[in-house]
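The primary structure of each chain is shown beneath.
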Amino acid sequence: MTLSSTPALAVPHPAEPSATQTVRIGVDIGGTKIEAVAIDQDCKVLHTVRRPTGFGNEALLSSLFGVLDELRGAETLANCTVSGLGIGIPGTVDTESGYVANAVNVGVAGLELGSLVEAELGLRTAVENDVNAAAIGAHYLLADGDASGSSAYLNLGTGLAAGYVSKGVVVRGTSGAAGEIGHLPLGLQGEECPCGQKGCLELIASGSGIARQWKGPGQWPAVSLFEAALDGDPVAKVVQQRFFEGAATAIRILGLTYDPASIYIGGGLNALGQPLLSGIHRELDRFSSPSPFLSGLALGDRVQLVPPGLPVGAVGAAIAAD
């Protein structure tokens, strides 16, 4: 069965750079792969490289420099000048110094990433949290030319987090914790969250939350869950319903906190496609039906999936390097 049937926006085909073109490079570091892109001043992707991510400080840096060497050596970029490099990485990021902490998905407890990369490559380097970078990329790639507006990005992956862009600029907060809505303890469950609280939203509305509750067959618990729920499995239907409620709650939080013009859903779980979007819309309608206030906000009309394959994280990191 095919779960994803959402009409996809075509991933930008590499553009032809001119001989004197200035480009920016963006890197999206994930738990399994590193994706690097070069973009022009109109945010068009000129070249892309994807490779596995190394785990731990040394392996991560080795794989990062390998991807960047391959990208910069591409024939299509031979005559281009690189004006800056941006890196999106999970964890807590000090955007002023480029220091990264608690990037557990890539085995990094602490790393002076920005200064190390600048010293090695001689390029001005900006380091950004990966969800914030994806929020920037989604905003600029999907805003239909209105980059001056506002949008929110909901990352449904192993965890749950969000980013918010206002007038083209990402909002980080004082400590960089803006958007960590997955750790709002909403009393939906009494389980202890890895963050130390109980009942966090991430426990039900994330890939790890699904994996804790559903032990179906296959490599991807979320896919197995949706298939079993479609086949009528009662346990799967309960877990799926919790997931939809949690994801729709995250949308309401973003809508009522920021009131963005658009809310983009990305992360690994957005590959579930139309069944995911339909379930979230159904829950938003259920929440709104008794409330003229919520109904009037029409949050469901603002929600869309990031098209599969669109490199919002890497493009957003490159834009952050501007």
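Residues numbered from 1 in each chain as written. Predicted model: local features only at pLDDT ≥ 70, side-chain atom pairs only at ≥ 80, totals over all residues. Heavy atoms only, no water.

Visitor: Which residues make up the sheet that holds strand β7 (residues 108–112), and what values go with them?
Guide: Spatially, 3 strands are ordered β5-β6-β7 in an open sheet, and the strand pairing comes out antiparallel. With partners counted over all chains shown, the strands left at the sheet margins are β5 (92–94) and β7, one partner each. For this sheet, the mean inter-axis angle between neighbouring strands, taken without regard to orientation, is 5°. Sheet topology places β5 next to strand β6 (residues 99–103); 3 bridges connect them, and they run antiparallel. Directly across from T92, in β6, lies its bridge partner A101. (Pairing = 2+ DSSP bridges. Helix = DSSP H or I, 4+ residues; strand = E, 2+ residues; numbered from the N terminus. Axes fitted to C-alpha atoms, helices over the stretch in contact; angles between N-to-C directions.)

Visitor: If you had to explain the packing of helix α1 (residues 57–72) against helix α2 (residues 113–121) to someone new, which residues and values would you point to?
Guide: Where α1 contacts α2, the two axes come as close as 12 Å, and the packing angle between them is 45°. Classified by the interaxial angle, the pair formed by α1 and α2 is oblique. In this structure, the crossing between α1 and α2 has a hand that is right-handed. Residues L61, L64, F65, L68 and R72 of α1 pack against L113, L116, V117, E120 and L121 of α2. (Parallel < 35°, antiparallel > 145°, perpendicular 65-115°, else oblique. Left-handed = near helix turned anticlockwise from the far one by under 90°. Contact = heavy atoms within 4.5 Å.)

Visitor: Residues and numbers for the packing of aromatic side chains, please.
Guide: Across all of its chains, the model carries 4 aromatic pairs by this definition. Where Y164 meets Y258, the ring centres are 4.0 Å apart and the plane angle is 5°; that geometry is what we call stacked. Here Y164 is found in strand β10 (residues 160–166), whereas its partner Y258 is found in helix α6 (residues 234–258), with 94 residues between them in sequence. Given the relative accessible area of 24%, Y258 is considered partly exposed. (Phe/Tyr/Trp six-rings, centres within 6.5 Å; stacked < 30°, edge-to-face > 60°. Buried < 20%, exposed > 50% of the residue type's maximum accessible area, 1.4 Å probe, protein only.)

Visitor: If you had to explain the sheet that holds strand β8 (residues 125–129) to someone new, which residues and values would you point to?
Guide: Spatially, β3-β2-β1-β4-β8 is the arrangement adopted by the 5 strands of the open sheet, whose pairing is mixed. Looking along the sheet, the strands with just one partner apiece sit at the ends: β3 (45–52) and β8. Strand-to-strand, the axes of this sheet are offset by a mean angle of 15°, without reference to chain direction. Summarising the sheet, strand β1 (residues 22–29) and strand β4 (residues 81–89) pair through 7 bridges and their orientation is parallel. Across the sheet, residue T22 finds its bridge partner in β4, namely T81. In the packing of helix α3 (residues 130–142) onto the sheet, the strands contacted are β1, β4 and β8, and the crossing angle to β8 comes to about 100°.

Visitor: Would you mind going over the pairing of strand β12 (residues 262–266) in detail, with residue names and values included?
Guide: With 5 of 5 residues buried, β12 lies mostly within the body of the structure. With burial as the criterion, each face of β12 is covered, one bearing S262, Y264 and G266 and the other bearing I263 and I265. Of the pairings in the sheet, the one linking strand β9 (residues 150–156) to β12 comprises 5 bridges and is parallel in character. Following the sheet pairing, N155 is matched in β12 by G266. As paired strands, β12 and strand β13 (residues 303–305) are joined by 3 bridges and run parallel to one another. By the bridge assignment, I263 is partnered in β13 with V303.

Visitor: I'd like a description of helix α7 (residues 274–288), backed by residues and values.
Guide: Over its 15 residues, α7 extends 21 Å from the first C-alpha to the last, a length consistent with the 21 Å expected when each residue adds 1.5 Å. On the buried face of α7, the contacting elements are β9, α5 (221–230), α6, β12, α8 (292–297) and β13. (Expected span 1.5 Å × (residues − 1).)

Visitor: An account of the packing of α3 against helix α9 (residues 312–320) is needed here, citing residue identities and associated values.
Guide: Packed helix pairs are specified by the crossing angle of their axes together with the interaxial distance, meaning the distance between the axes. Packing of α3 against α9 brings their axes to within 6 Å, and their N-to-C directions diverge by 95°. Looking at the two axes, α3 sits roughly perpendicular to α9. Residues A133, A134, I136, G137, A138, Y140 and L141 of α3 form the contact with α9, whose own contacting residues are V312, G313, V315, G316, A317, I319 and A320. Partitioning the contact of α3 with α9 into residue classes produces 11 nonpolar, 3 polar and no charged. (Nonpolar A, V, L, I, M, F, W, Y, C, P; charged D, E, K, R; others polar.)

Visitor: Break down α9 for me, with residues and values.
Guide: Each α-helix turn comprises 3.6 residues. Residues three or four places apart therefore point the same way. Most of α9 is tucked away: 8 of the 9 residues are buried. For α9, the set of buried residues is V312, G313, A314, V315, G316, A317, A318 and I319. Lining the buried residues of α9 we find β1, β2 (33–39), β3, β4, α3 and β9.

Visitor: Before we move on, can you summarise the nonpolar core with the specific residues and values?
Guide: Formed by 40 residues in total, the largest nonpolar core has its most connected members in L154, L156, F243, I251, I265 and L276. Elements represented by at least two residues in this core include exactly β9, β10, α5, α6, β12, α7 and β13. Residues I34, A38, L60 and V100 belong to the second largest nonpolar core, which totals 33 residues. (Core = buried A, V, L, I, M, F, W, Y, C linked by side-chain atoms within 4.5 Å.)

Visitor: Tell me what's going on with the environment of T20, and back it up with residues and numbers.
Guide: In this structure, T20 sits in the segment before β1. Overall, T20 belongs to the exposed group, its relative accessible area being 70%. Sequence separation between T20 and L256 is 236 residues; the distance between their C-alpha atoms is 46 Å.

Visitor: Quick rundown of the confidence of the model for the protein? Include the residues and the values.
Guide: When pLDDT is averaged along the protein, the result is 91, and 93% of the positions lie at 70 or above. With pLDDT under 50 throughout, residues 1–10 is counted as low confidence; its partners more than four residues away or in other chains account for 20 contacts. (pLDDT = per-residue confidence, 0-100.)

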